[in-house]
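# Working through the structure, step by step
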Amino acid sequence: MNLKGVKIKVHEMSLRDGMHPKRHRISLEQMQTIAKGVDAAGVPLLEVTHGDGLGGSSVNYGFPAHTDQEYLRGVIPLLKKTQVSALLLPGIGTVDHLRMAADCGVTTIRVATHCTEADVSEQHIGLSRKMGLDTVGFLMMAHMIPAEKILEQARLMESYGANCIYVTDSAGYMLPDDVRARIGLLREKLKPETEIGFHGHHNLSMGVANSVAAIEEGARRVDAACAGLGAGAGNTPTEVLVAVCNRMGIDTGIDLFKVSDVAEDLIQPILDNPIRIDRDALTLGYAGVYSSFLLFAKRAEARYGVPAREILLELGRRGMVGGQEDMIEDAAITMSKERAKTRATA
Amino acid sequence: MQKIKCAIIGSGNIGTDLMYKLRRSPILEPAWMVGIEAASEGLARAKALGLKTTDQGVDGLLPHVKKDGVRIAFDATSAYVHKDNSDKLTRLGVMMIDLTPAAVGPYCVPPINLKAHAGRREPNVNMVTCGGQATIPMVYAVSRVQKVKYAEIVATVASKSVGPGTRKNIDEFTRTTAGAVAKIGGADEGKAIIVINPAEPPLIMRDTIHCLTKELPKQAEIEASVHAMIAEVQKYVPGYRLKNGPVFDGNRVTTFIEVEGLGDFLPKYAGNLDIMTASATRAAEMFAEEMRAGRLSFEPALA
């Protein structure tokens, strides 16, 4: 397909989704340095919060190095062109957090729900829109339901006031045809002025291919993270996406070399572990499991002696959705008890 | 001895389930069911079981309160309209048990503070939220052993068990639950998270309760306290079960709970709703005993 001249808005994830592999402990100074690099590279939009969004600070998801407010107040004033967004998951964060983020100067609020539960977002989308913010409805784990069902949920969010709807492949499970079916139907049926976005994970190495498929079907916002810094095997790597877009003539407005320098010089040095498709991250994509479960499953393996891969498969079988990090330890304990029983009777 | 007559405000799933529980009570009698839609299935069901009904909301009940001797009302509507309902009924001397997260009155979590409510003559008590009823007993089970500086609960409920009222105002759930986790659970700080899961068949309510203790946890005492509290809750919610834990990890104490409902009207997986109606019934029974003993009555305010 000829996409020459098509303009897309790349939304940088390294300082929000990238909080997952960093256990939400990115320092304020690291954040400021990376944000300035992203700004200089011409990235239009940058998300900054706890990995699980505003109010994510918790035993369940991890306590961050700084509060959302400290990060936002520390980053936003340093930026010349890049605007900042904040993620909010109803059930975790509230409209109080939303007001705080707006007060700190975010221009975009993204309200995220599981793909079948859009009606919990009415309160937050409504307020964000009323406050005049760019308001995004973010349908997570979108691989779990067919395109027609995604459309129903997207229409709800649109009716609450969202001006942009995302198909979010939280598990990195989708293949390009899955993306095409969903994005294509939303583009066809939602209001023409409603933007469509795609958020990918790289667990099956499909981040860039899926993003291109999304753009072909009409998505004009695409999430990506420098060096792929995101949950699981990471997000669509920004520098690779920009390179591919350059080759295809898609206009991102981003300087490829500057953004690849951010990945190489600013993000690689702060990684605790390489962002790669190891057997556990592969399992996320293969079995359709929420990407931020990865490190929790690895820690449960270390403590309870049950392989992370088996824990993740069990969570997939149980139909766990985003936010159920508590069930990882629960499943690991139950599985280790069962193993002990099997050993005792063997 | 005569039973204490009750009105149920809200003819939806919760109100209907509550009606079945009240019908079993040795001391409470469901006399009125209040709805706002003439075609409500809940109203039809109540009528068939011999309750008086109105589809005119609380206003339809008010003229009958005195002559029908209604002493206790349960509000199973929504936080948005609760205060208005409560004001109208408490003015007539009816005690209000609030199943919405409005939190107008003081919180009541039966195994922790029901007895403390006796003799306080509060015209309105609040049953917190489903997540609160399911988890606060576990926070308290730790805090009665030693100081808890932070408690956090994660309630996971089946999508089919979450009604439109909760969905429209999910922040009210997180705020009210977090407040009660601290205040009634006995933690310096509280946080609440709710996750809605659409899996089929629907999953039974799950709750995870994390406490961070000030000093290292006294493991044996906490274990004994947790098991004792589980038994206490099981007296009115038999399907309240400890799945795993308590897990001790540094200062973290985590318990994993499952709440299966009785299946009176609501399906068994909806333990979140069952624990609300069961807790409200238990609270009302205690207040009814107080009323029968002549220790609790509310005079109508002068018109």
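Residues numbered from 1 in each chain as written. Chains lettered and ligands numbered in written order. Predicted model: local features only at pLDDT ≥ 70, side-chain atom pairs only at ≥ 80, totals over all residues.

### Observations regarding the overall build of chain A
In plain terms, the rule: Helix numbers and strand numbers start at the N terminus; a helix is a DSSP run of H or I with at least 4 residues, a strand a run of E with at least 2. Only C-alpha atoms enter the radius of gyration, while the globule expectation follows 2.2 Å times N to the 0.38, with N the number of residues. Any residue surrounded by 20 or more other C-beta atoms within 10 Å of its C-beta is treated as buried, while 12 or fewer makes it exposed and the intermediate range makes it partly exposed; C-beta atoms here are placed from the backbone.
Along its length, chain A carries 13 helices and 8 strands. Its C-alpha radius of gyration of 19 Å places chain A within 12% of the 20 Å reference for a compact globule of 346 residues. When its C-alpha atoms are laid out on the principal axes, chain A stretches across 65 × 45 × 40 Å. Out of the 346 residues in chain A, the part that is buried amounts to 59%.

### A look at the overall build of chain B
This is how it is decided: Once C-beta atoms have been placed from the backbone, residue pairs whose C-beta atoms lie within 7 Å are recorded as contacts.
Counting its regular elements, chain B contains 10 helices and 11 strands. For a compact globule of 303 residues, the expected C-alpha radius of gyration is about 19 Å, and chain B comes in at 19 Å, within 12% of that figure. Overall, the C-alpha framework of chain B stretches about 60 × 45 × 30 Å when taken along its three principal axes. Relative to its full complement of 303 residues, chain B shows a buried share of 57%. For chain B, contacts bridging at least 24 residues in sequence account for 69% of all contacts bridging at least 6.

### Concerning the sheet that holds strand E8 (residues 190-197) of chain B
All names here are of chain B. Going by this rule: In short, DSSP must find at least two bridges between two strands for them to pair. Angles run from 0 to 180 degrees between N-to-C directions of axes, and those axes are lines fitted to C-alpha atoms, restricted for helices to the stretch in contact.
Within the open sheet, the 5 strands sit side by side as E8-E7-E9-E11-E10. Their pairing is mixed. At either margin of the open sheet sits one strand with a lone partner, and together these are E8 and strand E10 (240-249). Adjacent strand axes in the sheet meet at a mean angle of 15 degrees when their direction is disregarded. Sheet topology places E10 next to strand E11 (residues 252-259); 7 bridges connect them, and they run antiparallel. Paired with Phe-248 across the strands is Val-253, a residue of E11. Strands strand E7 (148-158), E8, strand E9 (205-213) and E11 of the sheet are contacted by helix H6 (residues 130-143), whose axis makes an angle of about 30 degrees with E9. Strand contacts of helix H9 (residues 219-234): E10 and E11, with the helix running at about 165 degrees to E10, the strand carrying the most contacts.

### Things to note about the pairing of strand E1 (residues 9-12) of chain A
All names here are of chain A. Rules: For crossovers, right-handed means that the path from the first strand over the helix to the second runs clockwise, given strands pointing away from the viewer.
The sheet contact formed by E1 and strand E8 (residues 221-224) spans 4 bridges and is parallel. Directly across from Val-10, in E8, lies its bridge partner Val-222. As paired strands, E1 and strand E2 (residues 45-47) are joined by 2 bridges and run parallel to one another. By the bridge assignment, Glu-12 is partnered in E2 with Leu-46. Handedness of the crossover is the feature at issue here: the chain leaves E1, passes through helix H1 (residues 28-40), returns alongside E2, and the resulting connection is right-handed.

### What about the interface of chain B and chain A?
Interfaces are often described in size by the accessible area the parts lose on coming together. Residue-level contacts link 27 residues of chain B with 24 residues of chain A. By residue number, the principal contributor to the side of chain B that touches chain A is E8(B), which donates 6 residues.

### Some points on the domain arrangement of chain B
Residue and element names in this part refer to chain B. How we decide: Start and end points for every domain follow an automatic or database-based domain assignment.
When its domains are assigned, chain B resolves into domain 1 (4-127 + 277-292) and domain 2 (130-270). Centre-to-centre separation of domain 1 and domain 2, based on C-alpha positions: 25 Å. The interface of domain 1 with domain 2 comprises 20 residues on the first partner and 22 residues on the second. For the side of domain 1 that touches domain 2, the secondary structure elements donating two or more residues are helix H1 (13-24), helix H5 (110-117) and helix H10 (271-292).

### Some details on the sheet that holds strand E5 (residues 134-140) of chain A
All names here are of chain A. In space, the 8 strands of this closed barrel follow the order E1-E2-E3-E4-E5-E6-E7-E8, with parallel pairing throughout. Averaged over all pairs of adjacent strands, the angle between their axes in this sheet comes to 25 degrees, without regard to strand direction. In terms of strand pairing, strand E6 (residues 164-168) meets strand E7 (residues 195-199) through 5 bridges, oriented parallel. Following the sheet pairing, Thr-168 is matched in E7 by His-199.

### Some remarks on the confidence of the model for chain B
Stated precisely, the cut-off is as follows: The quantity known as pLDDT measures the predictor's confidence residue by residue, on a range of 0 to 100.
Mean pLDDT for chain B: 94, with 99% of residues reaching 70 or above. For this predicted complex, the interface score ipTM comes out at 0.96, alongside a pTM of 0.95.

### Describing the environment of B:Ile204
All names here are of chain B. If you trace the backbone, Ile-204 turns up in the loop between E8 and E9. Owing to 22 C-beta atoms within 10 Å, Ile-204 belongs among the buried residues under this scheme. Those residues within four positions of Ile-204 in sequence are excluded, and the remaining contacts are Glu-258, Val-259, Glu-260, Tyr-269 and Gly-271.

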